[in-house]
Amino acid sequence: MLGAPRRWRAFVLVAAFFVCAFWVLVRKDPAIIDRYRASAAFTPDPPPAKVPPPPPKPDGDNSPELRLTKLPDRYPVTSFKQLPTPAAGGDAANGVPPIQKRPAPSESADAREVRLARKAAVQASFDRSWRGYKENAWLADEVQPVSGQPRQDYEKLSGWASTLVDTLDTLWLMGLHDEFRMAVRTVCDSVDFGYTAADTVHLFETTIRYLGGLLGAYEISGHAFPELLSKATELGERLLGAFDTPNRLPLGRWDWRAYARGGMQTSAPHAMLSAELGTLSLEFTKLTQLTGDVRYYDAVQRIADVLAAHQQRTRLPGMWPVVVDAAKPAFDTDDQFTLNGKADSLFEYLPKQWLLLGGALAQPRDMYDKFLPVAKKHLFRRVLNAWNLPLVLPGDVRVRDDPLTGRTVEHSPRTEHLGCFTGGMVGLAARAFGGAHADADLDLAAQLTDGCVWSYNVTATGIGPEKFYYAACGAITDPPAGLRCSYSEDKWRTALQTHWKVKSEATDEASSLDHDAIDRLMTDGRLAPGMVDIDNPHYLLRPEAVESVFVMWRLTGDSAWQDKAWHMFQHIVRHTGAAPGSQPEQVAAAAVDDVTQADGGPPMDRMESFWLAETLKYFYLIFSDFDLLSLDEWVLNTEAHPLRRAGLSK
């Protein structure tokens, strides 16, 4: 009679042992459940590849027998820079304050219903463009949305399926896990980083899109797909070859064939864009954090040390110019400075690198603190506008040597869509670094972001142009609606006349406008009050404006930013054909040719990978739960790939 109870007692003890062991295992490795689910889940078969053949080479050198592999260093590192590690105890112990608005904003039932409807509209637009790529250009870099043909970008993207890799983490974020698994299997099985038909490997684009895309997908999926980290490590190992130069500064446009044949890389480039040099830190640092291999962090920290050493030795001390000499290295030859394209993400990565390292390294914060006052004084300007809104935009600066007055700093009120990241950067840094100017900097961030939102609101399509000139009416220290910036038509006319006169003198062309021509510019609707010239009217599906709107929404919790984003989204999908059922002749969203024409002009046959990787991701996050991809846990690289911050409390 006692046998049965004893057997049950033994069974209970064994079961308790297994439960306790499983609990300990999960405590040590929380991602084990995700990995089990991932391995057990159904993975659909991928569509057939649709990759156009590479263009023929004059020398016939398209043979895949030449392989890109990491060779022994000709200029080896003898002492590696060690990865800083945050102190135990989480953000508070490392001086990293909360980034997102706390407490999170509340919403009514009606507001939630509206938000979810908007989120669904964003996802539907994503689904259409993703399907267009999957069905028409699988494993190619891009789909051409008008012709429905695949496109390879060998100049920048090496033909390594950039849209596929770039979109991985967006698929996971939007809950498309079957699609994600299919895409992961395709990338890991079919993308060959050991060969490209391109003449050179573009280190910057390869790092932010491919390396960042693989790492972001690995991180956001809870490390449930170790093959993604293996693929990222494979790529990172190959890219280390670009750093094998005498001063260990990399080759931005890397002649991989010469390297693979064993050629000496005797010099870093004498002319290199500063953004291409300074926008590698997040991705290579994260690779070290995940693998423990310090070579990746060492490679980018050497760049950071050079940037820090030369920050005060440029022609505009505190900022780095557009073009630098990486061979010497020297940063005092170029006289042009900007936060627009070619320099932009170098500055963007300063606060983000500090956050990624959990506040353990002061250097990126110190560099940001030296840069921002210079930008405030010389680059940021108030914008004359018909609503007298407090708007600020960045401009370009040229430093000239004047024999009479010495060095002069000339400001040009020209901005780019690429420069619209600035509001988000200033806001993120204000919250992260704090200090006496934090509130004022957060207000400045809002004005910078609103400047880009304004550029959308005043065009015929409701979309901001790629590049334009604005009527600058004062420094940021001037009152927004003071004597200089209070709007009048005469002030706008004066700004138009001044701009076109300067343009005619610079080009030696008869570009200056008479009184009647100025009148036509002011009345034909192609230039809104406050704009004086649009030198590139395209909309290339870029994310920077909505990126800053997203950051401001997360920093402030002010739902007005959601409304601004929705207004932008409605105009974008209307003119790009992104919405399901619109523009049936297109297979996906298409870039807009001319945002100053009411119909946008004929659609451009381009959809770059950042449309799915960045633009729609930011719109989706704005209308998702407030803590989805929280800025208190994640850093987004310049291609919006999420990298988990170090030093977080468990």
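Bear in mind that the values here come from a model prediction, so they are computed numbers and not experimental data.

S.K.: Got a minute to help me understand the overall build of the protein chain in this structure?
M.R.: When its secondary structure is counted, the protein chain shows 21 helices and 17 strands. In terms of overall size, the protein chain behaves like a compact globule, its C-alpha atoms giving a radius of gyration of 26 Å where 650 residues would be expected to give roughly 26 Å. Across the protein chain, contacts joining residues at least 24 apart in sequence account for 75% of those joining residues at least 6 apart. When the 69 basic and 82 acidic side-chain charges of the protein chain are each reduced to a single mean position, those positions are 6 Å apart.

S.K.: Help me understand the pattern of salt bridges in this model?
M.R.: Pairing between side chains becomes possible if they bear opposite charge and their charged atoms approach one another. Evaluation of the coordinates by the stated rule reveals 46 salt bridges. For Arg-238, the salt bridge identified is with Glu-234, shortest N-O distance 3.2 Å. Placement of both Arg-238 and Glu-234 in helix H8 (residues 226-239) is noted, with a separation of four residues, approximately one turn of the helix. Among the residues examined, Arg-238 registers a relative accessible area of 14% and is labelled buried. Residue classification places Glu-234 among the partly exposed residues on the basis of a relative accessible area of 26%.

S.K.: Help me understand the packing of aromatic side chains in this model?
M.R.: Going through the model one piece at a time under the given rule, you end up with 24 aromatic pairs. Both rings, one in Trp-160 and one in Phe-193, keep their centres 5.1 Å apart while their planes meet at 90°; by these two values the pair is edge-to-face. In this pair, Trp-160 sits in the loop between strand E2 (150-151) and helix H4 (162-166) while Phe-193 sits in the loop between helix H6 (177-190) and strand E3 (201-202), placing the two residues 33 residues apart along the sequence. The buried category is assigned to Phe-193, whose relative accessible area is 0%. Note on Tyr-456 and Tyr-539: the rings are 6.5 Å apart at their centroids and 70° apart in plane angle, and the pair reads as edge-to-face. Placement of the pair is Tyr-456 in helix H16 (residues 438-457) and Tyr-539 in the loop between strand E15 (531-536) and helix H19 (544-556), with a sequence separation of 83 residues. Just as Tyr-456 is buried, Tyr-539 falls in that class too. An aromatic cluster is built from Trp-320, Phe-347, Trp-354, Tyr-368, Phe-371 and Phe-433, whose rings are joined through pairwise contacts.

S.K.: Explain the nonpolar core here, please?
M.R.: Nonpolar side chains in soluble globular proteins generally cluster together in the buried interior. With 189 residues, the main nonpolar core has Leu-228, Phe-380 and Trp-611 as its most contacted residues. Sorting elements by how many residues they give to this core places helix H7 (residues 203-220) first, with ten residues. Of the residues that make up this core, three or more belong to each of domain 1 (151-334) and domain 2 (364-645). Apart from the residues lying within four places of it in its own chain, the contact partners of Trp-611 are Ser-129, Tyr-539, Leu-541, Ile-572, Ala-578, Ala-589 and Leu-616.

S.K.: Would you take a moment to explain the state of the cysteines for this structure?
M.R.: Among covalent bonds in proteins, the disulfide is the one between the sulfur atoms of two cysteines. Applying the stated criterion across every chain, the model contains two disulfides. Here Cys-473 connects covalently by a disulfide to Cys-485, the sulfurs 2.0 Å from one another. Every disulfide takes its handedness from the sign of the S-S torsion; for Cys-473 and Cys-485 that torsion is 100°, giving right-handed. Of this pair, Cys-473 sits in strand E14 (residues 472-474) while Cys-485 sits in the loop between E14 and helix H17 (489-507); the two residues are twelve residues apart in sequence, bridging distant segments of the chain. Each member of the pair, Cys-473 together with Cys-485, is buried.

S.K.: Before we go on, may I ask you to explain the pairing of strand E11 (residues 406-412) in this structure?
M.R.: In regular strands, side chains alternate between the two faces of the sheet. Note that strand E10 (residues 396-402) and E11 share seven bridges and pair antiparallel. Residue Val-397 lies in a different strand from E11, and its bridge partner there is His-411. Between the end of E10 and the start of E11, which pair antiparallel, lie three residues.

S.K.: In this structure, what is going on with the domain arrangement of the protein chain? I would like to understand it.
M.R.: The accessible area lost on association of the parts is a frequent measure of interface size. Segmentation of the protein chain into domains returns domain 1 (151-334) and domain 2 (364-645). Distance between the C-alpha centres of domain 1 and domain 2: 27 Å. Each partner contributes residues to the interface: domain 1 has 36 residues there, and domain 2 has 36 residues. Summing the contributions of domain 1 and of domain 2, the shared interface buries around 2,800 Å²; its carbon and sulfur component is 63%. On inspection of domain 1 and its partner domain 2, the count reaches five salt bridges. Residue Asp-401 is joined to Arg-315 by a salt bridge in which the shortest nitrogen-to-oxygen separation is 3.2 Å. Where domain 1 meets domain 2, there are 15 residue pairs in polar contact (both at pLDDT 80 or more). When contributions to the side of domain 1 that touches domain 2 are tallied by element, the ones reaching two or more residues are H4, helix H5 (168-173), H7, helix H11 (281-291) and helix H12 (294-310). When residues of the side of domain 1 that touches domain 2 are assigned to their parent elements, the largest contribution, eight residues, is made by H7. Here the residues of the side of domain 1 that touches domain 2 are counted per class, giving 13 nonpolar, 13 polar and ten charged.

S.K.: Help me out: how do you make sense of the UniProt feature "active site" (unreviewed entry) in the protein chain in this one?
M.R.: Sites flagged by UniProt as "active site" (unreviewed entry) map to Glu-205, Asp-344, Glu-466 and Glu-544. When you line up the elements, Glu-205 lands in helix H7. Not counting the four nearest positions on each side in its chain, Glu-205 is found in contact with Lys-156, Leu-157 and Tyr-210. Among the structural elements, Asp-344 can be located in helix H13 (residues 344-356). Apart from residues lying up to four places away in sequence, Asp-344 is in contact with Ala-275, Leu-339, Leu-418 and Phe-421.

S.K.: Any chance you could explain the sheet that holds E11 here in plain terms?
M.R.: Whether parallel or antiparallel, the strands of a sheet pair through hydrogen bonds between backbone atoms. If you walk across this open sheet you meet the three strands as E7-E10-E11, and the pairing is antiparallel. Each edge of the open sheet carries a strand with a single partner, namely strand E7 (336-337) and E11.

Rules used in this analysis
Residues numbered from 1 in each chain as written. Predicted model: local features only at pLDDT ≥ 70, side-chain atom pairs only at ≥ 80, totals over all residues. Heavy atoms only, no water. Helix = DSSP H or I, 4+ residues; strand = E, 2+ residues; numbered from the N terminus. Rg over C-alpha atoms; globule rule 2.2 N^0.38 Å. Contact = heavy atoms within 4.5 Å. Lys, Arg positive; Asp, Glu negative; His and termini not counted. Charge placed at Lys NZ, Arg CZ, Asp CG, Glu CD. Salt bridge = Lys/Arg side-chain N within 4 Å of Asp/Glu carboxyl O. Buried < 20%, exposed > 50% of the residue type's maximum accessible area, 1.4 Å probe, protein only. Phe/Tyr/Trp six-rings, centres within 6.5 Å; stacked < 30°, edge-to-face > 60°. Core = buried A, V, L, I, M, F, W, Y, C linked by side-chain atoms within 4.5 Å. Domains from an automatic or database assignment. Disulfide = S-S within 2.5 Å. Pairing = 2+ DSSP bridges. Buried area = accessible area lost by both parts, 1.4 Å probe. Polar contact = N/O pair within 3.5 Å; in protein donor to acceptor, adjacent residues only side chain to side chain. Nonpolar A, V, L, I, M, F, W, Y, C, P; charged D, E, K, R; others polar. UniProt positions renumbered as here; feature names shortened; annotations may be inferred.

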